[in-house]
Amino acid sequence: GPGCLVFVPQAKGLEYAEKIAETLEKEGMSVFLYERMSPGMLEKFRKGEYAVLVGIASSRSPLARGLDLPETVRYVVFAGVPRREMKVEVKECNPQKLLVALKALSPLLGERMGKRMASVLSSLSKVIPVRGELIQKLREADEGKTQLEGFAAHLRKVVLEAREILEEAMGDEELRKEVGRLDVEMRMEGGEWVFISPDADGYLQASGRASRFYAMGISRGVSIVVVDDEKAFSGLSRRLRLLADEEFEEYVPEKVKEEFEKVDRDRETIRRIRRGEVKPEVLDLLRSSLLVVESPTKARTIAYLFGNPAQRTLDGFTFYEVASGQHVLTVVASAGHLFDLTTLEGFHGVRKEDGNYLPVYTDIRRCADCGEQFTDHETCPFCGSANLRTKKETVELLQKLSLEVNEVFIATDPDAEGEKIGYDLYVVLSPYCRNIRRLEFHEVTRKALRKALEEPGGLRPSYVQAQVVRRIEDRWVGFELSRKLWEVFGKRNLSAGRVQTPVLGWVLRQTEELKRKIPVATVRLENGLVLRIQNPEGPPPQEAEITDLSTREEKVLPPPPYTTDAMLREASQRLGFSASHTMELAQTLFECGLITYHRTDSTRVSIVGMELARKFVEENYPGLSRPREYSKEGAHECIRPTKPLSLQQLRFYLSAGIVRIPQKLGPDHFRLYDLIFRRFIASQMREARILVQEFKVKVWGKEVRERRVVGIIEEGFLKVHQTLRVEGRVEEGSFRVMETKVRYESSVRPYSQGDLIALMKEKGIGRPSTYSKIIETLFKRGYVFEKGGKLFVTPLGRMVYRYLEERFGRLVSEELTRDLEETIDAIENGKIRFQDVLKGMEEEVRREISSSGNPLPPR
Ligand SMILES: [Zn+2]
């Protein structure tokens with residue numbers, strides 16, 4: 001039918017377009033073949049005198065860019081997969097062209113030629129633009145006709161280097177294989193390098209001609225791609241999934257007919273609106289909404305999920321406006337919490353009325369000079385500056401914006417802290433906009449956000465209460481104990497808290513245990529076996545005996561995907577990252593939409609997650625896919641990538657502009673992403689089969705049991721995430737001792753941050769939202785220090801802990817802390833009343849503090 005645009009791939013050229021036009025005309029359709037835009041032609045198209053416009057697909061094509069005829073254009077046909085072609089001569093002399101080609105190639109190369117590539121790219125960009133006659137001179141020099149001097153000689157050197165890199169890269173077999181797995185085609189054709197890549201941007205722009213904005217949202221349109229190149233099509237599909245979460249469907253005539261009926265209904269409505277036949281109040285108009293998140297990065301990511309947002313500033317705040325389906329969204333960030341407990345009222349900010357506890361919150365202020373945050377003060381208590389910003393300004397801005405919209409969406413992070421920020425927003429915004437809903441999503445992707453917008457919910461008071469109780473507990477115990485510490489130690493910067501203190505105790509005891517040393521012997525046998533023996537007895541041995549040897553096959557399952565504690569642990573072990581560094585990196589990855597929410601203790605994998613892994617594994621490791629759900633409980637999920645992209649692929653699509661994020665990522669972001677990606681993919685792969693040896697060794701008066709992995713029969717998930725070390729096989733019998741050493745060592749090892757987190761998890765102290773904060777506090781207060789990745793207690797930490805344990809042993813005990821964590825969980829799940837918990841807590845704090853007696857001088 002009419003209202004059709006046909007786009008011909010650039011590579012196929014005008015001739016092909018002419019052929020299509022001819023064919024359609026033979027079928028009785030009125031066709032206009034355009035090369036240039038002309039006003040007359042559009043008018044005729046609008047009136048229906050032309051049914052079809054045929055032209056070349058190109059992002060520069062006026063038809064793909066500027067055409068805005070929502071009532072006329074019904075569908076778009078791509079006569080071939082839209083793709084871009086770039087050609088570079090093997091003996092290319094134009095530095096501009098070489099630069100474009102190398103830039104396109106550089107993300108594919110990864111670490112390879114890193115430095116050389118960077119230096120060539122920088123030399124190239126310094127010499128351009130180059131005049132035509134100079135390029136001609138280079139050509140002549142190629143043919144040996146002239147000798148170059150000065151700048152021209154330098155230019156030639158740069159060009160030759162660039163060509164050399166290009167040639168090396170194109171000749172690299174490994175690289176060609178990797179590129180084959182991506183979606184770019186590289187080949188040599190008559191003295192030219194040809195790069196072909198699918199043109200997702202061009203596709204979106206061109207297909208967008210059939211779905212335009214009008215008063216009720218976006219008009220429905222159909223877009224049909226004739227697949228003439230399977231590889232380019234699968235590349236295009238993947239890019240569209242990454243860019244817009246869009247999927248193609250098979251062309252089924254009956255379904256297409258149904259679609260066209262909907263398309264035509266939309267066109268009819270648009271025409272009636274244009275003719276003024278529809279009264280505005282009957283229209284289900286596009287709704288305007290305010291969407292509030294806590295972080296500016298997340299705000300930008302969300303805004304860019306729906307196209308190119310308009311950026312606005314008001315009263316010094318930045319926010320974004322963007323259209324998504326049925327909403328015009330204004331996206332803005334609260335920049336963290338708005339309110340905190342006051343220090344001026346009640347029992348450390350909690351008033352008591354008629355037996356009820358009323359926490360009194362006030363606006364958070366931030367010193368513009370030193371960056372510290374506080375409440376209540378008119379000048380900065382840290383540096384004395386009067387240059388403050390208060391969250392009142394943020395609240396006023398949000399109230400102003402709320403007045404302009406139909407509804408407000410609260411889209412803070414999906415945990416207790418996010419819920420509390422959400423609740424505060426609700427309280428201050430509800431007088432300005434009655435329609436306030438909560439959006440819950442665990443990944444910042446278009447699909448997840450759309451789903452959340454379709455099913456908005458309410459706030460969860462039990463989560464807010466849990467967060468409030470955690471804060472009050474921090475305040476009460478923290479302030480009271482800290483006051484005692486100030487009295488005793490005469491220092492104002494000391495602090496104590498219920499959760500941090502048992503953890504300090506572990507570090508202290510381990511530091512002490514390290515001082516107790518025992519003899520440990522290292523023995524090397526003639527068969528290469530190295531053994532460690534504690535407390536060896538008698539003189540150094542000449543021989544060792546291996547007995548009871550058994551060899552068997554074992555299955556090894558992949559570890560489950562990351563929860564917060566497991567991620568912190570492995571990032572500490574494998575990458576040497578501190579807990580707070582890992583949390584910051586993960587926060588950014590989450591806010592950029594690359595991983596799911598990173599504060600979680602669930603290993604659950606959603607259907608979306610399993611599907612993502614299945615596709616990736618089948619593409620990259622055929623036959624090794626094993627979808628696993630791990631846990632059925634709850635809405636929370638494990639930490640996993642949101643896109644089926646390995647590190648290398650992610651880098652490629654980032655630099656190609658297909659994956660768009662609001663922030664530049666550093667090397668550590670990529671290392672953590674890689675770890676999360678591998679662990680997740682491995683968790684969805686086949687188990688490994690390994691060979692294990694077990695045996696006894698009698699040596700130096702002792703008998704030790706040994707178990708070691710001596711072979712891998714089937715790699716399975718180990719292909720992606722290595723967790724084993726393979727050692728040499730041994731046999732039974734007597735073996736000569738080649739070397740012995742005895743050293744006095746402690747039988748324990750100092751804790752790393754990862755060990756402490758494992759311990760916290762095991763003992764039920766700390767939660768995904770607090771693990772790294774606890775460790776950070778111990779550092780900040782100077783209670784522990786780190787050396788070579790290991791933690792040790794400081795003299796101050798030792799004194800403070802001993803004092804607290806002696807005077808407030810019950811209050812800071814491991815058991816009570818564990819109970820407290822469980823109580824807060826129970827509030828979150830709505831199983832206990834938070835008022836009752838506060839009552840018990842207050843009584844306990846007051847009793848323990850008053851019974852502790854007068855301060856003693858420190859030991
Ligand atoms: Zn200050």
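All of these numbers come straight from a predicted model, not from anything done at the bench. (Residues numbered from 1 in each chain as written. Predicted model: local features only at pLDDT ≥ 70, side-chain atom pairs only at ≥ 80, totals over all residues. Heavy atoms only, no water.)

## Some words on the overall build of the chain
1) Next: Looking only at helices and strands, the chain features 27 helices and 31 strands.
2) Next: Across its three principal directions, the C-alpha atoms of the chain cover 100 × 80 × 65 Å.
3) Next: Per-residue burial over the chain gives 51% buried out of 859 residues.
4) Next: Considering only residue pairs separated by 6 or more positions, the chain has 74% of its internal contacts joining residues 24 or more positions apart.
5) Next: Side-chain charges in the chain split into 136 positive and 131 negative, and the spacing between the mean points of these groups amounts to 2 Å. (Helix = DSSP H or I, 4+ residues; strand = E, 2+ residues; numbered from the N terminus. Buried < 20%, exposed > 50% of the residue type's maximum accessible area, 1.4 Å probe, protein only. Contact = heavy atoms within 4.5 Å. Lys, Arg positive; Asp, Glu negative; His and termini not counted. Charge placed at Lys NZ, Arg CZ, Asp CG, Glu CD.)

## Considerations on the side chain of serine 289
1) Next: Turning to its location among the elements, serine 289 is positioned in strand E11 (residues 287–293).
2) Next: For serine 289, a relative accessible area of 0% translates into the label buried.
3) Next: Other than its neighbours up to four places away in sequence, serine 289 contacts His327, Val328, Leu329, Thr330, Val405, Glu407 and Phe409.

## Considerations on the environment of glycine 1
1) Next: Within the secondary structure, glycine 1 is located in the segment before strand E1 (4–8).
2) Next: A relative accessible area of 55% means that glycine 1 is categorised as exposed.
3) Next: Along the sequence, glycine 1 and phenylalanine 260 sit 259 residues apart, while their C-alpha atoms lie 9.9 Å from each other.
4) Next: Sequence-distant contacts of glycine 1, defined by excluding residues within four places in its chain, comprise Met29, Arg74 and Tyr75.

## Considerations on a nonpolar patch on the surface
1) Next: Where nonpolar side chains cluster on the molecular surface, the patch consists of Tyr423, Tyr426 and Val427 and spans about 270 Å² of accessible area.
2) Next: Within the fold, tyrosine 426 resides in helix H14 (residues 416–429).
3) Next: With relative accessibility at 36%, the residue tyrosine 426 sits in the partly exposed group. (Patch = residues over 30% accessible without salt bridge, like charges linked within 9 Å, V, L, I, M, F, W, Y side chains within 5 Å. Areas by Shrake-Rupley, 256 points an atom, 1.4 Å probe, with all protein chains shown as cover. Salt bridge = Lys/Arg side-chain N within 4 Å of Asp/Glu carboxyl O.)

## Description of the coordination of the zinc ion
1) Next: For the zinc ion, every protein donor is listed as Cys367 (SG), Cys370 (SG), Cys380 (SG) and Cys383 (SG), and the spread of their distances is 2.3 to 2.4 Å.
2) Next: One can describe the site at the zinc ion as tetrahedral: its four donor atoms subtend angles covering 103 to 117° at the metal. (Donors = N, O, S within 2.8 Å, 3.2 Å for Na, K, Ca; no water. Tetrahedral: all angles 85-135°; square planar, octahedral: opposite > 155°, others 65-115°.)

## Observations regarding the packing of aromatic side chains
1) Next: Within this structure, the stated rule accounts for 16 aromatic pairs.
2) Next: Summarising the aromatic geometry, the rings of phenylalanine 489 and tyrosine 803 are spaced 6.0 Å apart at their centres and angled 90° between planes, so their arrangement reads as edge-to-face. Note that phenylalanine 489 is positioned in helix H16 (residues 461–489) and tyrosine 803 in helix H25 (residues 795–808), a separation of 314 residues in sequence. Residue phenylalanine 489 shares its accessibility class with tyrosine 803, and that shared class is buried. (Phe/Tyr/Trp six-rings, centres within 6.5 Å; stacked < 30°, edge-to-face > 60°.)

## Observations regarding the pattern of salt bridges
1) Next: Evaluation of the coordinates by the stated rule reveals 86 salt bridges.
2) Next: The shortest N-O distance in the salt bridge between glutamate 455 and lysine 451 comes to 3.9 Å.
3) Next: Residue glutamate 455 is classed as exposed on the basis of its relative accessible area of 53%.
4) Next: As a salt-bridge pair, aspartate 548 and lysine 696 come within 3.0 Å of each other at their nearest N and O atoms. You can see aspartate 548 sitting in strand E26 (residues 543–556) and its partner lysine 696 sitting in strand E27 (residues 688–699), a full 148 residues away along the chain.
5) Next: With relative accessibility at 47%, the residue aspartate 548 sits in the partly exposed group.
6) Next: Through salt bridges with shared partners, one network takes in Glu473, Arg498, Arg810, Glu844 and Glu848.

## Brief notes about the confidence of the model for the chain
1) Next: Residue-level pLDDT values for the chain average 89, and 97% of them are 70 or greater.
2) Next: Per-residue pLDDT stays below 50 along residues 855–859; that stretch engages in 12 contacts with residues further than four places along the chain or on separate chains. (pLDDT = per-residue confidence, 0-100.)

## Looking at helix H5 (residues 114–127)
1) Next: Between its first and last C-alpha atoms H5 spans 20 Å; for 14 residues at 1.5 Å apiece the expected length is 20 Å, and the two agree.
2) Next: Taken residue by residue, H5 has Met117, Val120, Leu121, Leu124 and Val127 as its buried positions. Buried residues in H5, looked at end-on, bunch into an arc of 135°, giving them a common side. Away from its buried face, by an angle of more than 90 degrees, H5 presents the exposed residues Lys115 and Lys126. (Expected span 1.5 Å × (residues − 1). Arc of directions from axis to C-beta.)

## Some details on unusual backbone geometry
1) Next: For the peptide bond that leads from isoleucine 128 to proline 129, omega is 0°, which places it in the cis range.
2) Next: By the secondary structure assignment, proline 129 is in the loop between H5 and helix H6 (132–142).
3) Next: The phi dihedral of histidine 348 is positive, around 50°, even though this residue is not glycine.
4) Next: Mapped onto the elements, histidine 348 comes out in the loop between strand E15 (339–341) and strand E16 (350–353).
5) Next: Classification of histidine 348 as buried rests on a relative accessible area of 12%.

## Section: the domain arrangement of the chain
1) Next: Looking at the chain, the domain boundaries give domain 1 (4–82 + 199–274), domain 2 (85–197), domain 3 (288–459), domain 4 (497–512 + 750–851), domain 5 (517–557 + 688–746) and domain 6 (564–683).
2) Next: The distance between the C-alpha centroids of domain 1 and domain 3 comes to 42 Å. (Domains from an automatic or database assignment.)

## Quick notes on the sheet that holds strand E7 (residues 192–198)
1) Next: If you walk across this open sheet you meet the three strands as E5-E7-E6, and the pairing is antiparallel. Pairing within the sheet leaves two strands with one partner each, and these edge strands are strand E5 (83–89) and strand E6 (185–189). Each strand of the sheet is rotated relative to its neighbour by a mean of 20°, with strand direction disregarded.
2) Next: Pairing geometry for E6 and E7, over five bridges, is antiparallel. The residue bridging methionine 186 from the neighbouring strand is phenylalanine 195, located in E7.
3) Next: Packed on one face of the sheet, helix H7 (residues 150–170) meets E5, E6 and E7 and runs near 65° to E7. (Pairing = 2+ DSSP bridges. Axes fitted to C-alpha atoms, helices over the stretch in contact; angles between N-to-C directions.)

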